[in-house]
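Coordinate inspection notes
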Amino acid sequence: MTKEKSENTEIEILNAAKEIFQQKGMDGARMQEIADKAKINKALLHYYYRSKQLLFEAVFKNAFSLLAPQLNSVLNDESDLFEKIRNFTNSYISFVIKHPYLPNFVIQELNKNPEFVLKLREQKNFPTIDTFKTQVNDAIKNGVIKPIEAEQLFINIISMNVFPFIGKPLLMALTNTDKKEYDRIVQKRKTEVATFIIDAIKI
């Protein structure tokens, strides 16, 4: 097997596994089903990944690695606090629109296997909020924003960005919107969330 063919096969496996895991979760997924989706035999699948757990971890790390560097870059760049909030919101929502499976995939499986986050934290680009925390504390001291714990502010930002994706069916029903209209609303949140947050904290 050539290196190029081997890499292409692994990509096909990861794409197939991502789709099956997204639909059925890790517990409901079957290796044979993933092999069929990737158009390979089960023996070849096991050649690449000896167990479903190892395959899941590879898919999970791959999915998270797509988003983590972007978030880390925004959180730790030199932009001011308000610009950082705008950039974070725009970057996150733009990314998830392209990868809509990711929030549910990450949240569902982390809830089932919280220890796995320890492995994620070992990755090079795992997001940190150290710079963000310093900026929040400086903004409070300088009278730019109202007193708020940086962790609370970060959770507020994350929550407002994530929930429209993980709660999409419920929110579509509550707002009585179809997919086209809901997608328009989500697109608009690239700026709406940041504006709401900034207006809530600034003095």
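Summary of the structure given here.

The rules behind each value
Residues numbered from 1 in each chain as written. Predicted model: local features only at pLDDT ≥ 70, side-chain atom pairs only at ≥ 80, totals over all residues. Heavy atoms only, no water. Salt bridge = Lys/Arg side-chain N within 4 Å of Asp/Glu carboxyl O. Helix = DSSP H or I, 4+ residues; strand = E, 2+ residues; numbered from the N terminus. Buried < 20%, exposed > 50% of the residue type's maximum accessible area, 1.4 Å probe, protein only. Contact = heavy atoms within 4.5 Å. Patch = residues over 30% accessible without salt bridge, like charges linked within 9 Å, V, L, I, M, F, W, Y side chains within 5 Å. Areas by Shrake-Rupley, 256 points an atom, 1.4 Å probe, with all protein chains shown as cover. Phe/Tyr/Trp six-rings, centres within 6.5 Å; stacked < 30°, edge-to-face > 60°.

What about the pattern of salt bridges?
- Within this structure, the stated rule accounts for nine salt bridges.
- For Glu83, the salt bridge identified is with Arg86, shortest N-O distance 3.5 Å. Within this pair, Glu83 and its partner Arg86 are both found in helix H5 (residues 81-98), separated by three residues, close to a single helical turn.
- Residue class for Glu83 comes out partly exposed when judged on its relative accessible area of 33%.

Concerning the environment of Ile145
- Position of Ile145 relative to the elements: it lies in the loop between helix H8 (130-141) and helix H9 (150-166).
- The contact partners of Ile145, leaving out residues within four places of it in the chain, are Leu81, Phe82, Val136, Ala139, Ile140, Ile201, Lys202 and Ile203.

Comments concerning a nonpolar patch on the surface
- Together, Phe163, Leu170 and Leu174 make up an exposed nonpolar region whose accessible area comes to about 320 Å².
- Inspection of the secondary structure assignment puts Phe163 in helix H9.

Section: the packing of aromatic side chains
- Under the definition given, this model contains six aromatic pairs.
- Ring geometry for Phe88 against Tyr92: centres 6.5 Å apart, planes inclined by 5°, an arrangement best described as stacked. In this pair, Phe88 and Tyr92 are both assigned in helix H5, four residues apart and thus about one turn of the helix distant.
- The buried category is assigned to Phe88, whose relative accessible area is 3%.
- When the centroid spacing of 6.1 Å and the interplanar angle of 70° are considered together, the rings of Phe88 and Phe154 count as edge-to-face. Placement of Phe88 in helix H5 and of Phe154 in helix H9 is noted, with a sequence separation of 66 residues between them. Each member of the pair, Phe88 together with Phe154, is buried.
- Members of the aromatic cluster, connected to one another through ring pairs, are Phe88, Tyr92, Phe132, Phe154 and Phe165.

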